[in-house]
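Read off the chains here:
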Amino acid sequence: GPRYLTYADKPLRSDAVVLFVGPDNKARQEDANRLMHEGYARYLFIPAYGRITEALSLSSTAGTNKANPKLIISGLKPRPYFENTHVEVLEAKRVMEQYRLKSAIFVSSPVHMRRIKIITDKIFHEEPVRIVFVPIRVEPAPQDLFDLTLSDYKRMGKEYVKIIWFLMYSPFRST
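So, here's what we can say about the structure. (Residues numbered from 1 in each chain as written. Predicted model: local features only at pLDDT ≥ 70, side-chain atom pairs only at ≥ 80, totals over all residues. Heavy atoms only, no water.)

Our next topic: the packing of helix α4 (residues 113–123) against helix α5 (residues 150–169). For the pair α4 and α5, interaxial distance at closest approach is 10 Å and the crossing angle is 10°. Between α4 and α5, the angle is such that the two are roughly parallel. Residues Arg114, Arg115, Ile118, Ile119 and Lys122 of α4 form the contact with α5, whose own contacting residues are Glu159, Lys162, Ile163, Phe166 and Leu167. (Axes fitted to C-alpha atoms, helices over the stretch in contact; angles between N-to-C directions. Helix = DSSP H or I, 4+ residues; strand = E, 2+ residues; numbered from the N terminus. Parallel < 35°, antiparallel > 145°, perpendicular 65-115°, else oblique. Contact = heavy atoms within 4.5 Å.)

So, about the environment of asparagine 84. Along the chain, asparagine 84 turns up in helix α3 (residues 84–99). As a C-alpha pair, asparagine 84 and valine 21 span 63 residues in sequence and 9.8 Å in three-dimensional space.

What you see with strand β1 (residues 16–19) is no split at all: Ala16 and Val18 on one side and Val17 and Leu19 on the other are buried throughout. Pairing of β1 with strand β2 (residues 43–46) involves 3 bridges; the strand directions are parallel. Looking across to β2, one finds that valine 18 is bridged to phenylalanine 45. When β1 meets strand β4 (residues 103–108), the two strands line up parallel, connected through 4 bridges. From the neighbouring strand, valine 18 faces β4, where its bridge partner is phenylalanine 106. (Buried < 20%, exposed > 50% of the residue type's maximum accessible area, 1.4 Å probe, protein only. Pairing = 2+ DSSP bridges.)

Turning to the sheet that holds β2, a few remarks are in order. The 5 strands are arranged β3-β2-β1-β4-β5 in an open sheet whose pairing can be described as mixed. Of all the strands in the sheet, the pair left with one neighbour each is β3 (51–54) and β5 (130–135). Strand-to-strand twist in this sheet, taken as the mean axis angle between neighbours without regard to direction, amounts to 20°. Pairing between β2 and β3: 4 bridges, direction antiparallel. The partner of tyrosine 43 across the bridge, within β3, is glutamate 54. Here α4 sits on the sheet and contacts β4 and β5; the angle it forms with β5, its principal contact strand, is near 165°.

Helix length check: helix α2 (residues 25–37), at 13 residues, gives a terminal C-alpha distance of 18 Å against a target of 18 Å (1.5 Å per residue), a fit within 8%. Those residues of α2 not exposed but buried are Arg28, Asp31, Ala32, Arg34, Leu35 and Met36. Looking at the buried positions of α2, the neighbouring elements they touch are β1, β2, β4 and β5. One or two residues past the end of α2 sits glycine 39, with phi positive at roughly 85°. (Expected span 1.5 Å × (residues − 1).)

Here it is as structure tokens:
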């Protein structure tokens, strides 16, 4: 259960940090800012808000073509039957193409990382980009099924339902 959902890579120097929003947004923002402060990326992009910022103190990142961080990015476009994370990954892909970014660090809560990876693998399957998945640093979730609380089971159940829903509709998606 929980071990499968909590997918994680080591952070690597990338063109952008892509932050996925959620209920623990403050912790997610803090970790994304930490990655930026430690020099892992030049851009911070939040697809749900259509916001991109540049860490001006960092040197130029290879792969960008004079990207304009003040470019106005449209908000998420609602799409029937798509769940929000799917739309956020589609928006991340669009912005990465627009800015000619070749690498990114996707940041979210640990329990959401497997679903984000599954969606990303489908959307970016033919793209020459490198994406790593870095969950936020929180207290480690229990890994033994007997140590889980009812709340943990509900959260895991929702994740599995969302993964199954994505796998069911993704073969029929138009984008």
